[in-house]
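Per-entry structural report
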Amino acid sequence: MRGSLNWIDILEKCERVSEDTIEQAMEFPSSSSSSIFSSRAADDTVFYAIYPDSPTTITTATLQSLHLQILEIVHPFTADYIWQHQPFTLSVSTPPNPSCPCSSSHLPHLHGHLRFGDNLDDEWFTVFLLFHISLHFPSLSIRLWDSDGDFLLIEAAFHLPRWLNPDTSHNRLFLRSGNLHIVPKSHLPSPSLLDSLHFIVNSPSQSLAPDPVQRAIKNRIKDYPDKARLNMHKVRVRVPVSVAQVLKHEPCFISLAVEGFYDRDIDTMKFAARMERFLERGKEEELVRVSVKMSRAMYAQLAQQRFQAPKCYPDMPNRSEREGYVEAELGMKIACGFEMMYQQRKRDGAEGKGSTWEAFKKSLENSGYFQGLVPGSSEYQRLMQNAQEYYRNTSLHSRASDLMNAPVRRIDEILALPHSADDFKNQVVPPSDDDSWLYNGEEDLNSALMERQKEMELYDLKHKKKGKAKDVQDTAVSSGSNADGFDPGDIAKTMQAFVHKMSSYKGAEAPEDRNKEVDLDVDQFIKEMESIMKHPGAEVGNSKIEEGSSSDLDFDDSDESDMAESAEDNEAGEDTFLQSYSDAMNEELKATTLQRSFVRANEQISKDEGTSNASENMDEEFSPVDVDVNLVKSFLDSFSSQQGLPGPASNLLGLMGLQLPQDAKKGK
């Protein structure tokens, strides 16, 4: 029986194996896993780790004390700041800690992560905070990265040394004493984290990043913390009393409401249709006016989306009342976001659903727990129920449930306090901030683009100057080797070899190719074609096809003489027609400039012998075209027009195995 497998043993094994992975997914979502708080992929997260000097000897008590000191330093900047998804936090990590995302679980340190979502300012505000921490604690080395890797190097890409790239930057980038440090490759070709930490502590002057790199990073954060305050947007809205009560006690919960609204799906919209938690009295619920502070990104996510109010929602002002309608509509979106967030977290926490359950179920599938059964079958459902029951009794479920239900419990506590609409009446509510930035950002965008353009121009100018000396050397080498060793006749010879190369339906075979030859009887093929076309006197190899011959085609003897006579008549007529057609065409072309489009054979003769009647001969009739000379001339003209860039001439000649020398006179 398939169900005889001891599934309890498998469940226990999967819990032990996946516990660290699940814990890491909960605390440090990566680009390949989803956040426990959202169905969206957490590829918008910045990670950071703080290492004290002599990390191998530091104690847990010292780390905890350092932790409190750092939070005290950053508190004045973060006290009134509304983060997009989660605040700046730090955790103490002591070995062993497999859940740490920075591959340094063997070193005591502080670490944290912050999901910035669509608000990139959160990420750069975090960078500013880390620089500020490194200034106040000179004995700390700080490493930070996001889903793109060492994103600080991306910001300073135009000023980095050539050896530094995403493949060589691992364990090399640190913040220390308010500066950026890059461990040089010349001293540590493949550094470990501990090696790099020792190096920047013992040789800070050798790891200090160049001034242009420092300026590029510091210019990016120079406007903080003022820019962080500017990123806040206050707006006046009309919301149900319950929503106003929650925002009064927990203003930061606005980020949860906006996330719930912005990431809504069909299931969560069903919660908004009923509004059971925040509209207990339905349409009779009174709307009150409050001021809400949020980030500009949150405001854009609310204002730029169309959303119809649920049928149970209280009546809103008419559209003719422009100001009142905008306030009520924005408040309705916030209220629906709160409802969707609240109900989803409550459901997932109670049912054990969410990212932790998905990770646990994935580990079961990988271990063969479901034995290849078809999802939905009775045996599959029985195993699934057993797994869910086991999961609800594990510590994984309890921890995930606590995290998911934390905002739910806090909202229940706030709404349990006495509150009414009178608490929010007769209050002076300031008007909304100007939101013209949402619609008039073209100037800021152009300014940012122009700044990048200047960086690119300076970068190109610097490298062009460096390349001039190299170009002079390359020209000398080219004139001494390529020019002397290059024969233009090679182009014609190689092209002729290419034209006469037998190729197949798979494509042309260049002379330098080593592709397998096509299995084709060429002689037989030409014989068959000539017998059909009735073209006499063509030689194939050493054999000559006689006039009127039918080659290997089988005809009756009685028809051969008739066919031969007919062929002779046809050929005579065709020759007469072709000659007349050629003469007429030449007469037409004499009045055009076509004769000057090609180099002709008698032009070469006239140049060699000094004759003066070449032009007269050209007027009388068209002279034969010198194919080789025209071929070489066309190739050289095309190659020159490329100006050293890739093009058809250089690509085709490269396929042939030829390389033309650069024009040393160009640009003089």
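Predicted model, so just to flag it, every value in this text is computed and none were measured. (Residues numbered from 1 in each chain as written. Predicted model: local features only at pLDDT ≥ 70, side-chain atom pairs only at ≥ 80, totals over all residues. Heavy atoms only, no water.)

Regarding the overall build of the chain
Scanning the chain from N- to C-terminus turns up 25 helices and 10 strands. By the burial criterion, 40% of the 668 residues in the chain qualify as buried. Excluding contacts between residues fewer than 6 apart, the proportion of contacts in the chain whose partners are at least 24 apart in sequence is 75%. Within the structure as shown, the chain displays about 38,200 Å² of accessible surface, and the carbon and sulfur contribution to it stands at 51%. (Helix = DSSP H or I, 4+ residues; strand = E, 2+ residues; numbered from the N terminus. Buried < 20%, exposed > 50% of the residue type's maximum accessible area, 1.4 Å probe, protein only. Contact = heavy atoms within 4.5 Å. Areas by Shrake-Rupley, 256 points an atom, 1.4 Å probe, with all protein chains shown as cover.)

Looking at the packing of helix H10 (residues 254-262) against helix H12 (residues 296-303)
For the pair H10 and H12, the least separation of the axes is 10 Å and the interaxial angle reads 35 degrees. As for the relative orientation of H10 and H12, their crossing is left-handed in sense. Mapping the contact onto sequence places Ile254, Ser255, Val258, Phe261 and Tyr262 in H10 and Met298, Gln301 and Leu302 in H12. (Axes fitted to C-alpha atoms, helices over the stretch in contact; angles between N-to-C directions. Left-handed = near helix turned anticlockwise from the far one by under 90°.)

Topic: the pattern of salt bridges
In this structure the tally under the stated criterion is 20 salt bridges. Taking the shortest distance from any N to any O, the salt bridge between Arg236 and Glu323 comes out at 2.4 Å. You can see Arg236 sitting in strand E7 (residues 232-240) and its partner Glu323 sitting in helix H13 (residues 322-351), a full 87 residues away along the chain. One salt bridge in this structure joins Glu250 and Arg410, with 2.9 Å as the shortest N-O distance. With a gap of 160 residues between them, Glu250 in the loop between helix H9 (241-249) and H10 and Arg410 in helix H16 (residues 395-416) connect regions that are remote in the sequence. Glu250 gets classed as buried once you look at its relative accessible area, which sits at 18%. For Arg410, a relative accessible area of 29% puts it in the partly exposed group. Through salt bridges that share partners, Arg236, Arg238, Arg289, Glu323 and Glu327 make up one connected network. (Salt bridge = Lys/Arg side-chain N within 4 Å of Asp/Glu carboxyl O.)

Side note on the pairing of strand E4 (residues 140-146)
Buried residues dominate E4, accounting for seven of its seven residues. Strand direction decides the pairing type here: strand E1 (residues 45-52) and E4, joined by seven bridges, are antiparallel. The partner of Ile50 across the bridge, within E4, is Ile142. (Pairing = 2+ DSSP bridges.)

Focus on the packing of aromatic side chains
Counted under the stated rule, the structure contains 14 aromatic pairs. For the pair Phe77 and Phe128, a centre-to-centre distance of 5.5 Å together with 90 degrees between the ring planes defines the contact as edge-to-face. With Phe77 in helix H2 (residues 60-78) and Phe128 in helix H3 (residues 120-136), this pair connects stretches of sequence that are 51 residues apart. Given the relative accessible area of 12%, Phe128 is considered buried. (Phe/Tyr/Trp six-rings, centres within 6.5 Å; stacked < 30°, edge-to-face > 60°.)

Overview of the state of the cysteines
Using the criterion set out here, one finds zero disulfides in the structure. The thiol of Cys312 is unpaired, and the distance to the nearest cysteine sulfur, on Cys336, comes to 7.8 Å. For Cys312, a relative accessible area of 18% puts it in the buried group. (Disulfide = S-S within 2.5 Å.)

Let's talk about the environment of Val235
Within the secondary structure, Val235 sits in strand E7. Residue Val235 is classed as buried on the basis of its relative accessible area, which comes to 4%. Here the alpha-carbon distance between Val235 and Gly331, two residues 96 residues apart in the chain, equals 9.8 Å.

Points about the packing of H3 against helix H7 (residues 211-221)
Relative orientation of the contacting elements H3 and H7 amounts to 115 degrees, with a least axis distance of 9 Å. For the pair H3 and H7, the crossing hand works out as left-handed. Of the residues in H7, those touching H3 at Leu120, Trp124, Val127, Phe128 and Phe131 are Ile217, Lys218, Arg220 and Ile221. Considered class by class, the residues forming the contact of H3 with H7 number seven nonpolar, no polar and two charged. (Nonpolar A, V, L, I, M, F, W, Y, C, P; charged D, E, K, R; others polar.)

Some thoughts on the nonpolar core
Grouped together as the largest cluster of nonpolar side chains are 91 residues, with contacts concentrated most on Phe88, Leu152 and Phe338. Sort the elements by how many residues they give to this core and H13 lands first, with nine residues. Contact partners of Leu152, with chain neighbours within four places excluded, come to Trp124, Val127, Leu144, Leu173, Leu175, Leu180 and Ile217. (Core = buried A, V, L, I, M, F, W, Y, C linked by side-chain atoms within 4.5 Å.)

What about the side chain of Glu155?
Looking at where Glu155 falls in the secondary structure, it is placed in helix H4 (residues 151-155). On the accessibility criterion, Glu155 (13% relative accessible area) is buried. For Glu155, the contacting residues outside a window of four places in its chain are Trp124, Ala216, Ile217, Arg220 and Arg452.

As for the pairing of strand E5 (residues 173-176)
Of the two faces of E5, the one holding Leu173 and Leu175 and the one holding Phe174 and Arg176 are both buried throughout. For E5 and strand E6 (residues 179-182), the ladder comprises four bridges, and the chain directions are antiparallel. In the strand pairing of E6, Leu175 is matched with Leu180. With antiparallel pairing between neighbouring strands as the criterion, E5 and E6 make up a hairpin whose turn holds two residues, including Ser177 at a positive phi of roughly 55 degrees.

Points about the confidence of the model for the chain
Detail in the predicted coordinates should be disregarded across regions flagged by low pLDDT. Model confidence for the chain is summarised by a mean pLDDT of 75, while 67% of its residues fall at 70 or above. In the predicted structure, residues 1-5 sits below a pLDDT of 50 and forms eight contacts with residues beyond four places in sequence or in another chain. (pLDDT = per-residue confidence, 0-100.)

A few points about the environment of Arg264
The residue Arg264 is located in the loop between H10 and helix H11 (266-274) in this model. Along the sequence, Arg264 and Cys336 sit 72 residues apart, while their C-alpha atoms lie 9.9 Å from each other. Residues contacting Arg264, with those up to four places away along its chain left out, are Met269, Gln305, Arg306, Phe307 and Met340. Reaching out from Arg264, the side chain makes a polar contact with the backbone oxygen of Phe261 at a distance of 2.8 Å. Side chain to side chain, Arg264 and Gln305 meet in a polar contact 2.8 Å long. (Polar contact = N/O pair within 3.5 Å; in protein donor to acceptor, adjacent residues only side chain to side chain.)

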